[in-house]
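Chain and residue survey
Residue-level listing of the chains:
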Amino acid sequence: MIFVTVSTGHFDPLIATCCGLAHRYRFFGQIGSSTAIPNFEFVRTMTPQALEEKMKAADIVVSHAGTGMLSLLYRLKKPTIIVPKQMRYGEANDGQVELAKKWAELGMGILCMDVEDLDKSITAATKMKFDYPVFPSLGIRLRQHLFA
Amino acid sequence: MARPISEKPIALVTDRGGHWQNARMLFEQVGQTPDWILTTWGPEVPVLKKSGVGVVVLPYLFSWLGKQRLLNPFKVLYQLVLAFYWAAKIRPYSVVSLGATDVVFFCYAAKFFGAKVFHVECMNQVWSPSITGRMLYPICEKLYVQWPELLGSYGPKAEYGGWVLSEVA
């Protein structure tokens, strides 16, 4: 199962692309406020617990590049295709693009800048060995200064 | 039931969504809950209000005109008043900012009342500094970036401190 998640906002081009591929892959969608209605099983919103369970159950997750979503996927070590929301898809800004590129650069996901490339990205995700580097803890550094 | 406020109160000021997620993970690492959380409205707010932490909901500074986001002068004025009111009431010892533009007024107000301000750039900012980061840098004790690539965009008060997410399940 491929879990497609767009958080609380909308991402119609991604949902529409998944509809076009639904005869080849089994999708489950969390579509937020998207107006495109999927031809596969979907919900609009999920509780954090349900979201995590669905991610665990998925073979691959297709996600927008929100920090909350990517952080959770990093913790779960889940094969991820990252499709950043962009101005050309109706977003107010391209704020997700940098993180999406960095995530892919580190091997933590496959970057899909164009929804038309989603099929190729799914094929790549089934073959790729993902990497999950460990980083220093910022909170420990901050704690040293908070009460000083 | 509200818990007692500590001698050196810590205020967290952040935005909803991904910023809030970053902030929550950051304080897991810090190992302490902030005494006050100031944030914009989101599904987390009712849960937070039951947790015993002081919660203040700040208005968004922007309004939507179709798909266009515009700075709303009435909300700006309202938030400015709220920021000084709450900064005077809370008198935080330290403020941790992790958020969008909605956090800026409170940070300046808290600085006015003597607080130490720490800003953490969101994980999204890999190569480009945020507008919030640039606005807050002058009053920060430290400004933390989550990617070393971003250090070149700031001065000596900026530090790479690692990630707000450091544990792998």
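Heads up: these notes are all about the structure in this document.

Conventions and cut-offs
Residues numbered from 1 in each chain as written. Chains lettered and ligands numbered in written order. Predicted model: local features only at pLDDT ≥ 70, side-chain atom pairs only at ≥ 80, totals over all residues. Heavy atoms only, no water. Pairing = 2+ DSSP bridges. Helix = DSSP H or I, 4+ residues; strand = E, 2+ residues; numbered from the N terminus. Contact = heavy atoms within 4.5 Å. Axes fitted to C-alpha atoms, helices over the stretch in contact; angles between N-to-C directions. 1 Å grid on protein atoms, 1.4 Å probe; cavity = no way out; pocket = protein on both sides within 12 Å on 5 of 7 lines; lining within 4 Å. Points joined across faces, edges and corners; volume = space filled by probe spheres on them. Nonpolar A, V, L, I, M, F, W, Y, C, P; charged D, E, K, R; others polar. Buried < 20%, exposed > 50% of the residue type's maximum accessible area, 1.4 Å probe, protein only. Right-handed = clockwise from strand over helix to strand, strands pointing away. Polar contact = N/O pair within 3.5 Å; in protein donor to acceptor, adjacent residues only side chain to side chain. Buried area = accessible area lost by both parts, 1.4 Å probe. Salt bridge = Lys/Arg side-chain N within 4 Å of Asp/Glu carboxyl O.

Let's talk about the sheet that holds strand β1 (residues 2-5) of chain A
All names here are of chain A.
- If you trace the six strands from one edge of the open sheet to the other, you get β3-β2-β1-β4-β5-β6, paired in parallel fashion. Two strands bound the open sheet, and with one partner strand each, they are β3 (41-43) and β6 (110-111).
- Direction of pairing for strand β2 (residues 27-30) relative to β3: parallel, over a ladder of three bridges. Counterpart to F28 in the pairing with β3 is E41.
- Sitting on the sheet, helix α2 (residues 48-57) touches β1, β2 and β4 (60-63), and the angle it makes with β1 is about 145°.
- Docked against the sheet, helix α3 (residues 67-76) engages β1, β2, β4 and β5 (80-82), running at close to 165° with respect to β4.

Let's talk about the layout of surface pockets
Residues and elements named next belong to chain B.
- Put simply, the second largest pocket is a space of about 170 Å³.
- Ranked by the residues each element gives to the lining of the second largest pocket, the list is headed by helix α1 (residues 18-30), at five residues.
- Class assignment of the residues belonging to the lining of the second largest pocket gives a composition of eight nonpolar, three polar and two charged.

What to know about the pairing of strand β3 (residues 54-58) of chain B
Residue and element names in this part refer to chain B.
- The buried fraction of β3 is high, at four of five residues.
- Sheet topology note: the strand β2 (residues 36-40)/β3 ladder contains five bridges and is parallel. Counted as the bridge partner of W36 is G54 from β3.
- With helix α2 (residues 44-49) bridging β2 and the parallel β3, this β-α-β connection has right-handed handedness.

Observations regarding the side chain of Q29(B)
- In this structure, Q29(B) sits in helix α1.
- A distance of 2.9 Å separates a polar atom in the side chain of Q29(B) from the backbone oxygen of V164(B).

What about the interface of chain B and chain A?
- Taken together, the 46 residues of chain B in the interface contact 33 residues of chain A.
- Carbon and sulfur atoms make up 63% of the surface buried where chain B meets chain A, a total of about 3500 Å² over both sides.
- Our count for the chain B to chain A interface comes out at three salt bridges.
- Ionic pairing is found between E159(B) and R141(A), a salt bridge with its closest N-O pair at 2.5 Å.
- Linking chain B with chain A are 19 residue pairs in polar contact (both at pLDDT 80 or more).
- Sorting the residues of the side of chain B that touches chain A by element identifies α1, β6 (94-98), β7 (116-120), β8 (140-145) and β9 (158-160) of chain B as the ones contributing at least two each.
- For the side of chain B that touches chain A, the per-class residue count stands at 22 nonpolar, 15 polar and nine charged.

Some points on the sheet that holds β2(B)
Residue and element names in this part refer to chain B.
- Taking strand neighbours across the sheet as the criterion, the seven strands line up as β3-β2-β1-β6-β7-β8-β9 in an open arrangement whose pairing is parallel. Each edge of the open sheet is held by one strand with a lone partner, namely β3 and β9. Neighbouring strand axes in the sheet, compared pairwise and without regard to direction, differ in orientation by 20° on average.
- In the sheet, β8 pairs with β9 via three bridges, with the strands oriented parallel. Within the sheet, the bridge partner assigned to Y144 lies in β9 and is E159.
- Running at roughly 165° to β6, helix α4 (residues 104-112) makes contact with β1 (10-14), β2, β6, β7 and β8 of the sheet.

Some remarks on α3(A)
Residue and element names in this part refer to chain A.
- Counting buried residues in α3 gives nine out of ten residues, a clear majority hidden from the surface.
- Those residues of α3 that fall on the buried side of the exposure criterion are T67, G68, M69, L70, S71, L72, L73, Y74 and L76.
- Taken from the residues just after α3, K77 is the one with a positive phi, measuring 55°.

Here we look at the environment of F40(A)
All names here are of chain A.
- Mapped onto the elements, F40 comes out in the loop between β2 and β3.
- The exposure class assigned to F40 is buried, which follows from its relative accessible area of 11%.
- Along the primary structure F40 and Q86 are separated by 46 residues, whereas in three dimensions their C-alpha atoms are 24 Å apart.

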